[in-house]
Amino acid sequence: MNNWFAPLQWLVFLALWRMSYETANVGKRSAVEKSFLIERSSSEEVQNPREKEWTEKAVKKYADAQEKKWQRWKEAMFERSD
């Protein structure tokens, strides 16, 4: 009675069972499971205006430093040696 096809049948059964569970719970999200990398409310962003200024300043300094770094790299790479 036990053939080589039985484990494959169980695998298919478990896969379909899991898919039915996942599709039944598509719209439900638990309160514990929250991704702060994707979701962020606008009220959290405006809590500290000084923090916004600091981040803008840091981003500007970083962009300037990167621009300077790549400018130096380009000058070093494409400098003609006559």
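This text follows the structure it describes.
Residues numbered from 1 in each chain as written. Predicted model: local features only at pLDDT ≥ 70, side-chain atom pairs only at ≥ 80, totals over all residues. Heavy atoms only, no water.

**Here's the deal with the overall build of the protein**
- Regarding its fold elements, the protein presents 3 helices and 0 strands.
- Traced from its N-terminal end to its C-terminal end, the protein shows the element sequence α-α-α.
- In the protein, buried positions account for 1% of the 82 residues.
- When the accessible area of the protein is evaluated, it comes to approximately 8,800 Å², of which 60% is carbon and sulfur surface. (Helix = DSSP H or I, 4+ residues; strand = E, 2+ residues; numbered from the N terminus. Buried < 20%, exposed > 50% of the residue type's maximum accessible area, 1.4 Å probe, protein only. Areas by Shrake-Rupley, 256 points an atom, 1.4 Å probe, with all protein chains shown as cover.)

**Some thoughts on a nonpolar patch on the surface**
- Taken together, the side chains of Trp-4, Phe-5, Leu-8, Leu-11, Val-12, Leu-16 and Met-19 make up a nonpolar region of the molecular surface, amounting to roughly 760 Å² of accessible area.
- Positionally, Phe-5 belongs in the segment before helix H1 (6-24).
- On the accessibility criterion, Phe-5 (34% relative accessible area) is partly exposed. (Patch = residues over 30% accessible without salt bridge, like charges linked within 9 Å, V, L, I, M, F, W, Y side chains within 5 Å. Salt bridge = Lys/Arg side-chain N within 4 Å of Asp/Glu carboxyl O.)

**Description of the packing of aromatic side chains**
- Considering all chains together, one arrives at 4 aromatic pairs under this definition.
- Through a chain of ring-to-ring contacts, three or more aromatic side chains come together here, namely Trp-10, Phe-13 and Trp-17. (Phe/Tyr/Trp six-rings, centres within 6.5 Å; stacked < 30°, edge-to-face > 60°.)

**Looking at the pattern of salt bridges**
- With the rule as written, the count across this model stands at 2 salt bridges.
- Where Lys-60 meets Asp-64, a salt bridge forms, and the shortest distance between an N and an O atom there is 3.3 Å. Here the residue Lys-60 and the residue Asp-64 both occupy positions in helix H3 (residues 49-77), the gap between them amounting to 4 residues, near one helical turn.
- Here Lys-60 falls in the exposed class, since its relative accessible area comes to 54%.
- With a relative accessible area of 43%, Asp-64 lands in the partly exposed category.

**Section: H3**
- Counted at 1.5 Å a residue, the expected span for H3 with its 29 residues is 42 Å, and the 42 Å between its end C-alpha atoms agrees.
- The distance from a side-chain oxygen at the start of H3 to the backbone nitrogen of Arg-50 is 3.2 Å, and the residue carrying that oxygen is Asn-48. (Expected span 1.5 Å × (residues − 1). Polar contact = N/O pair within 3.5 Å; in protein donor to acceptor, adjacent residues only side chain to side chain.)

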